[in-house]
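Residue-level structure breakdown
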Amino acid sequence: MQMNSASTKKSTINDAFASKFAKSMFLTVLGIAVLMFIGTRMFTHIDLNLYGYMVGTIVFLGGFFYRFIAWGERPPTKIILKKGLKLVFSKRTAKTAVSHLAIYDFIKKRGFYRWMQHVLIGWGCILACLVTFPLVFSWMYFTMDDNGYYTVVVMGMDLLEIKADGIIAWFSYNALNISAIMVIAGVCMALYRRAKNMQARAEQKFIYDLMPLYLLLFISITGLLLTIQNVFLHGWMQPQMSLIHQFSVILTLIYLPFGKLAHIPFRPMSVLARNYREHYGEQNMKACKVCGDHFVSVEQSNDVIHVLGVNHIEFNMEDGFNLAELCLPCRRKYRISRFSGVPTHQVKVKEANQNARG
C-alpha cells in the first residue's frame, strides 16, 4: 500500500507539468526566487538597474535546460550520465575536474597558444559570472556607512567590512574590468589564429565560429567603456552605453545555449565521461577482433552495441563480429574491404600516421 501511494504521488507531481523541460525550468526559477527572497531580506533590497540582466539570465536557463534535456535523452548520453553520476564521488573526480575545468590540460597538448587563449577566455568568463550573477539576483551586495567602510552582504547576512579605499575594495570594483581584459586578450588571440591558420580558415563559419567571439569582444569592450566614461569622462554618455552593454549581454545569454558557446555550461559533463572511460577501462579492456589490440573497455564496447541496437542500427558482420568490436584502424580497413573486395582488414600493418584510439 505504501509503495502504491508513493507511486501515485510521484505520478501526480509529474503530471502537473507538460514535460521534463517544463518541470526542470519551473523548479529552477522557483529555487532562484527562494534564494532571492533570502538574499534580498524578503525582497527589500533589489537593484532594478539589473532587471534586464535578470530576465536575460532566466531566458538563458530556459534555453539551457531545453538543450540539456534534449541532449540527455539521447541513448548514448543517457548511459554516460547514468554511469558517470555513480562514479562522481570516486577519487579520480577531483583530478579530472581540475584538469578539464580549471587548467584545461587537455588543450595544452594541442599547443601553448591555444591553451593560453582558452585560459584567458574561460577564466575571464568564469570570473565575470561569479561577480555578475550574485549581483543580478541580489545574493550579494554592498552597503556603506559613514565610517568609510563597505559592508559585504551575502545571502542577507553581513559577511565582512572592507575599507572603501583598500585593496579588497579595489579588486571588487575592478573584477569585471579584469575579466573583460582577459576575455579581450583571449578573443584577439583566437581571431588571429583563425585568420592565420589554414585549417581553421577552411573549416570555420561566420555564424557558428566567429560571431560568438565577436559577441564576447563587444560585451567586454562596452563593459570597459563604462568604467572609462565613469572615471575619465565624468559619466558622459554612460546611460546610453549602459543600455548598449546590457542589450549585448542579454542577446548573448539568449543565444548562448544554441550556438558554439553552449560547450561552456556543458563542459562539466566531460568529467563524467572521463570517469566512465577510465573506471571501466581499469576493469577489463576489449581486444580488437582483427588485430588483438586493446582499444576500449568491454563495458563501453557493449554499451555502443546496445545503443546501436536501440537506434535499430545493426553492424553485425558476416565474419561473426560486430563492427564496434574493431579498433578504428581495423574498422576502416574492414570497410574498405567491403567495397573493394580485397581483405585489407587482414593486413596486420597499421597506417603510419594513425594516432586515433578507440
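Residues numbered from 1 in each chain as written. Predicted model: local features only at pLDDT ≥ 70, side-chain atom pairs only at ≥ 80, totals over all residues. Heavy atoms only, no water.

If you check an unreviewed UniProt entry, the protein appears there as Respiratory nitrate reductase subunit gamma from Neobacillus thermocopriae.

Thoughts on the domain arrangement of the protein
Here the domain parsing of the protein yields domain 1 (21-263) and domain 2 (284-346). A separation of 42 Å is found between the C-alpha centroids of domain 1 and domain 2. Taken together, the four residues of domain 1 in the interface contact six residues of domain 2. Here domain 1 meets domain 2 over a buried area of about 370 Å², counting both sides, of which 69% is carbon and sulfur. The largest share of the area that domain 1 buries against domain 2 comes from P75, I79 and K83, three residues that together contribute 89% of it. If you look at where domain 1 meets domain 2, you find two salt bridges. Between D303 and K83 there is a salt bridge, and its shortest N-O distance comes to 3.0 Å. For the interface between domain 1 and domain 2, the tally reads two residue pairs in polar contact (both at pLDDT 80 or more). Its residues assigned to classes, the side of domain 1 that touches domain 2 shows three nonpolar, no polar and one charged. (Domains from an automatic or database assignment. Contact = heavy atoms within 4.5 Å. Buried area = accessible area lost by both parts, 1.4 Å probe. Salt bridge = Lys/Arg side-chain N within 4 Å of Asp/Glu carboxyl O. Polar contact = N/O pair within 3.5 Å; in protein donor to acceptor, adjacent residues only side chain to side chain. Nonpolar A, V, L, I, M, F, W, Y, C, P; charged D, E, K, R; others polar.)

Considerations on the packing of helix 7 (residues 112-136) against helix 8 (residues 167-196)
Angle between the axes and distance between the axes: these two values describe a pair of packed helices. Direction vectors running N to C along helix 7 and helix 8 enclose 150°, while the axes themselves pass 8 Å from each other. Here helix 8 runs roughly antiparallel to helix 7, going by the angle between their axes. Between helix 7 and helix 8 lies a crossing of left-handed hand. Taken together, the residues of the contact of helix 7 with helix 8 sort by class into 20 nonpolar, five polar and two charged. (Axes fitted to C-alpha atoms, helices over the stretch in contact; angles between N-to-C directions. Helix = DSSP H or I, 4+ residues; strand = E, 2+ residues; numbered from the N terminus. Parallel < 35°, antiparallel > 145°, perpendicular 65-115°, else oblique. Left-handed = near helix turned anticlockwise from the far one by under 90°.)

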